[in-house]
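Spelled out, the chains give:
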Amino acid sequence: MTEKNDLIIRIAGEGGEGIVSTGDFIAAACARAGLEIYTFKTFPAEIKGGYCLYQVRTSAERVYNQGDTFDVFVAYNGEAYELNKHLLTPGTTFVYDGPGGDFEPEIPEGVTAYAIPMSKTAKALGSYRSKNMVALGALSVLFNINETTLIEVLTNKFKPKGEDILEFNLKAFAEGKKLANEHKKTDDFRVADATGTKDVILIAGNEAVGMGAILGRLEFFSAYPLTPATEVAKYVSAQLPKTGGTLIQAEDEIASMAQVLGASYAGKRSMTATSGPGLALMSELIGMSTMAELPALIVDVQRGGPSTGLPTKHEQSDLFLAVHGGHGDSPRIVLSVEDVNDCVNMTVAALNLTEQYQCPVIMLSDGSLAFSTQTIPTPDPDSFEIVERTRWDGEGEYMRYKMTENLISPMADPGTPGGEHVAASLEHTESGAPNFAPEPHEANARKRFNKIKPVIDQWPAAEMDGVEGEADVGIITWGSTIGVAREAVARLVAEGKKVKAMYPKLIYPMPVDQYEAFAATCKQILVPEVNYQGQLSHFIRAETSIKPVPYTICGGLPFTPAQIVNKVKEIS
Ligand code: COA
């Protein structure tokens, strides 16, 4: 057997065939064995049917992305085979549903193939539903995936659905093992050996945002379910009541944002989660958050757009909307997360920032990260600093929008004696009284922009990567593309290329000096991002003296490290 430290298994077939469950079980079993995990899923908008893909990357060392392609490909149907057969290159292993499946593949030379009659066996057992468990049983034998942990995770999943369901699935699993044992060759890949238990959890991006919200002492959450953001609300709905918080599923995104502002006005740490179309609907109320200086965290899990677009697919195309999607001059803080670990930590940080600066904070995640499960260090609840909003000390006359030295005006929760004030979304004087004269509007516009500038120094400087000193190419990228760039940079540097990278997570206000300093050490700047317009490139051109080379894709899929490696080679 060839132990592969970094093994990628791709499973594909039709939505409804249990592709996601198969991948989840493999990921969970490997994680329990102490291996690092990065998964990638892509599926159609239909509940049943349509091409569905799940890729598990497992390694003894940390992995930052889903990888270039697969080592092992598992095809549940003919469509999956047709779409992936060009990637069956010498050295790969191919496991497919046959004989008795809906296709007869041609096996290219150098490819190790296993025909496992998944459908036929499941039907013979009396439950076509268990086809995926026949496959899983076979995969456990073929690639040394720990059987005990697999049985544990599938029992945890299916037992609550009924003893009969668990039983037929365990039978199917055993049949799959038997079939694989009959055919097994000696030179297959095997996942890396268990490295021992680590203090880690395996969690998906959306759930990690929910976990960060709870760790960040969230008190109120309102959202309208929208793919690919829904699981944030799902996680929070299960956990927030336990900490005394309140969750509302609103009738739409406008209502949810209004409720968030109402709860924030009442003194509660508040947030919502949505995707691009929902963020667009919220834009008027985000303006109110700016004007009324009401803290509010909005998590935008970006998807392919515009409109209902590609609701289940990956894209990074809401940057313009996040930064400038507002009426009037409406500053906000915009952050973007790289990975699942960030989804936890940066949600806590984002809740703190919105409370500290009394402005909307938009945190961008994306469709790939939303569903990607990754192993992350188990968060220690006591390690997070919680920043509260500045509250009025009750001294003197209360002025809601007082021009203080740091431009942050203390807030008085409703009911605070002496803290009565006019609360509105209108322009106002320091007391809060509506006022439409030129002077207060100009002064407050300055206040609203200037009060958030210190976040540039407060936020950790963007991480740098790659060679020290002068580089032929400097990569600047954001969001989950950072993880892809990390691997691309490592490969290029290993080949002797002079490449470096900068990974900003505070998007707005823009840390211009950091961009300029980085670019000063690079002959050219390449900006890979998953949108058509090159949105970060635009901001860089607008706000700095840098003239970046945009590198954009927008096919509903994330970059692969190889794409970035090739692009760097092409331009250098
Ligand atoms: N025996 C019994 N139940 C099984 C099973 C088996 N062998 N294998 C899977 N299942 C169950 C799963 O537990 C899951 O049930 P759950 O939801 O109660 O957990 C269900 O069948 C679906 O299986 P799963 O493996 O999770 O998914 P899949 O690979 O078959 O793919 C989805 C289907 C999830 C991709 C698809 O149903 C979906 O949700 N598409 C997205 C729709 C969407 O978001 N649209 C947005 C429009 S804006």
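As shown above, the structure is provided for reference.
These remarks concern the structure in this document. (Residues numbered from 1 in each chain as written. Predicted model: local features only at pLDDT ≥ 70, side-chain atom pairs only at ≥ 80, totals over all residues. Heavy atoms only, no water.)

## As for the packing of aromatic side chains
Turning to step 1, where the next piece is worked out: Here the structure, examined in full by the defined rule, presents eleven aromatic pairs.
Turning to step 2, where the next piece is worked out: Between phenylalanine 94 and tyrosine 96, the aromatic rings sit 5.0 Å apart at their centres with planes inclined by 25°, giving stacked as the arrangement. Here the two residues phenylalanine 94 and tyrosine 96 agree in accessibility, since each one is buried.
Turning to step 3, where the next piece is worked out: Aromatic side chains tryptophan 392 and tyrosine 398 sit 4.9 Å apart centroid to centroid with 50° between the ring planes, which places their arrangement in the tilted category.
Turning to step 4, where the next piece is worked out: Residue tryptophan 392 is classed as buried on the basis of its relative accessible area of 15%.
Turning to step 5, where the next piece is worked out: Among the aromatic residues, those joined into a ring-pair cluster are Phe70, Phe73, Tyr81, Phe94, Tyr96 and Phe103. (Phe/Tyr/Trp six-rings, centres within 6.5 Å; stacked < 30°, edge-to-face > 60°. Buried < 20%, exposed > 50% of the residue type's maximum accessible area, 1.4 Å probe, protein only.)

## Things to note about the environment of valine 361
Turning to step 1, where the next piece is worked out: Summarising the element assignment, valine 361 is placed in strand S15 (residues 360–366).
Turning to step 2, where the next piece is worked out: Of the residues examined, valine 361 reaches a relative accessible area of 0% and is grouped as buried.
Turning to step 3, where the next piece is worked out: Residues valine 361 and serine 283, 78 residues apart in the sequence, show an inter-C-alpha distance of 12 Å.
Turning to step 4, where the next piece is worked out: If near-sequence neighbours (up to four positions away) are discounted, valine 361 is found in contact with Ala296, Leu297, Ile298, Ile333, Leu335, Ala350, Leu353 and Thr354. (Helix = DSSP H or I, 4+ residues; strand = E, 2+ residues; numbered from the N terminus. Contact = heavy atoms within 4.5 Å.)

## Regarding the pairing of strand S2 (residues 6–14)
Turning to step 1, where the next piece is worked out: In terms of residue burial, S2 counts as a mostly covered element, since seven of its nine residues are buried.
Turning to step 2, where the next piece is worked out: As defined by bridge partners, S2 adjoins strand S4 (residues 51–59) across nine bridges and the pair is classed as antiparallel. Bridge pairing in S4 links aspartate 6 to serine 59.
Turning to step 3, where the next piece is worked out: Examined bridge by bridge, S2 and strand S5 (residues 72–75) share four bridges and lie parallel to one another. Bridged to isoleucine 11 within S5 is valine 74. (Pairing = 2+ DSSP bridges.)

## Brief notes about the site of the ligand
Turning to step 1, where the next piece is worked out: Neighbouring the ligand are 25 residues; Gly16, Ser21, Ile47, Arg129 and Lys161 lie closest to it.
Turning to step 2, where the next piece is worked out: Interatomic distance of 2.7 Å between a backbone N/O atom of glycine 16 and an oxygen atom of the ligand.
Turning to step 3, where the next piece is worked out: Measuring from a nitrogen atom of the ligand, one finds a backbone N or O atom of alanine 45 at 2.8 Å.
Turning to step 4, where the next piece is worked out: In isolation the ligand offers 960 Å² of accessible surface; the protein chains occlude 72% of this area.
Turning to step 5, where the next piece is worked out: The set of elements that each furnish at least two residues to the shell around the ligand consists of helix H1 (19–32), helix H4 (131–142), helix H5 (147–158) and helix H6 (163–183). (Near = heavy atom within 4 Å. Polar contact = N/O pair within 3.5 Å; in protein donor to acceptor, adjacent residues only side chain to side chain. Areas by Shrake-Rupley, 256 points an atom, 1.4 Å probe, with all protein chains shown as cover.)

## Things to note about the packing of H4 against H5
Turning to step 1, where the next piece is worked out: The interhelical angle for the contact between H4 and H5, taken along N-to-C directions, is 160°, at an axis separation of 12 Å. The orientation of H4 with respect to H5, classified from their angle, is roughly antiparallel. Along this stretch, H4 crosses H5, giving a crossing that reads as right-handed. Residue-level inspection shows Met133, Leu136 and Ser140 of H4 in contact with H5, the latter providing Leu150, Leu154 and Phe158.
Turning to step 2, where the next piece is worked out: Here the residues of the contact of H4 with H5 are counted per class, giving five nonpolar, one polar and no charged. (Axes fitted to C-alpha atoms, helices over the stretch in contact; angles between N-to-C directions. Parallel < 35°, antiparallel > 145°, perpendicular 65-115°, else oblique. Left-handed = near helix turned anticlockwise from the far one by under 90°. Nonpolar A, V, L, I, M, F, W, Y, C, P; charged D, E, K, R; others polar.)

## Comments concerning a positive patch on the surface
Turning to step 1, where the next piece is worked out: A surface patch of like charges, here positive, comprises Lys48, Arg129, Lys157, Lys161 and Lys234.
Turning to step 2, where the next piece is worked out: Inspection of the secondary structure assignment puts lysine 157 in helix H5.
Turning to step 3, where the next piece is worked out: Its relative accessible area of 43% is what places lysine 157 among the partly exposed residues. (Patch = residues over 30% accessible without salt bridge, like charges linked within 9 Å, V, L, I, M, F, W, Y side chains within 5 Å. Salt bridge = Lys/Arg side-chain N within 4 Å of Asp/Glu carboxyl O. Lys, Arg positive; Asp, Glu negative; His and termini not counted. Charge placed at Lys NZ, Arg CZ, Asp CG, Glu CD.)

## Here's the deal with H1
Turning to step 1, where the next piece is worked out: Look at H1: 20 Å from first C-alpha to last across 14 residues, which is about the 20 Å you get at 1.5 Å a residue.
Turning to step 2, where the next piece is worked out: Among the 14 residues in H1, ten count as buried, and that is most of the element.
Turning to step 3, where the next piece is worked out: Of the residues making up H1, those classed as buried are Ile19, Thr22, Gly23, Phe25, Ile26, Ala27, Ala28, Ala29, Cys30 and Ala31. (Expected span 1.5 Å × (residues − 1).)

## Notes on the sheet that holds strand S21 (residues 522–529)
Turning to step 1, where the next piece is worked out: With mixed pairing, five strands are arranged side by side in an open sheet as S17-S19-S18-S21-S22. Each edge of the open sheet is held by one strand with a lone partner, namely strand S17 (463–466) and strand S22 (549–552). Taking each pair of neighbouring strands and ignoring which way they run, the sheet shows an average axis angle of 25°.
Turning to step 2, where the next piece is worked out: One ladder, built from four bridges, connects strand S18 (residues 471–476) with S21; its direction is parallel. Residue pairing in the sheet places glycine 474 in a bridge with isoleucine 525 of S21.
Turning to step 3, where the next piece is worked out: Packed on one face of the sheet, helix H17 (residues 512–519) meets S17, S18, strand S19 (499–503) and S21 and runs near 175° to S19.

## Focus on the pattern of salt bridges
Turning to step 1, where the next piece is worked out: According to the stated counting rule, one finds 25 salt bridges in the structure shown.
Turning to step 2, where the next piece is worked out: Across the pair lysine 447 and glutamate 293 runs a salt bridge whose closest N-O atoms are separated by 2.9 Å. Placement of the pair is lysine 447 in helix H14 (residues 438–450) and glutamate 293 in the loop between helix H10 (276–291) and strand S13 (296–302), with a sequence separation of 154 residues.
Turning to step 3, where the next piece is worked out: A relative accessible area of 1% places lysine 447 in the buried class.
Turning to step 4, where the next piece is worked out: A relative accessible area of 1% means that glutamate 293 is categorised as buried.
Turning to step 5, where the next piece is worked out: The structure contains a network of salt bridges with shared partners spanning Asp6, Arg57, Asp68, Glu487 and Arg491.

The values are spatial; any link to function lies outside them.
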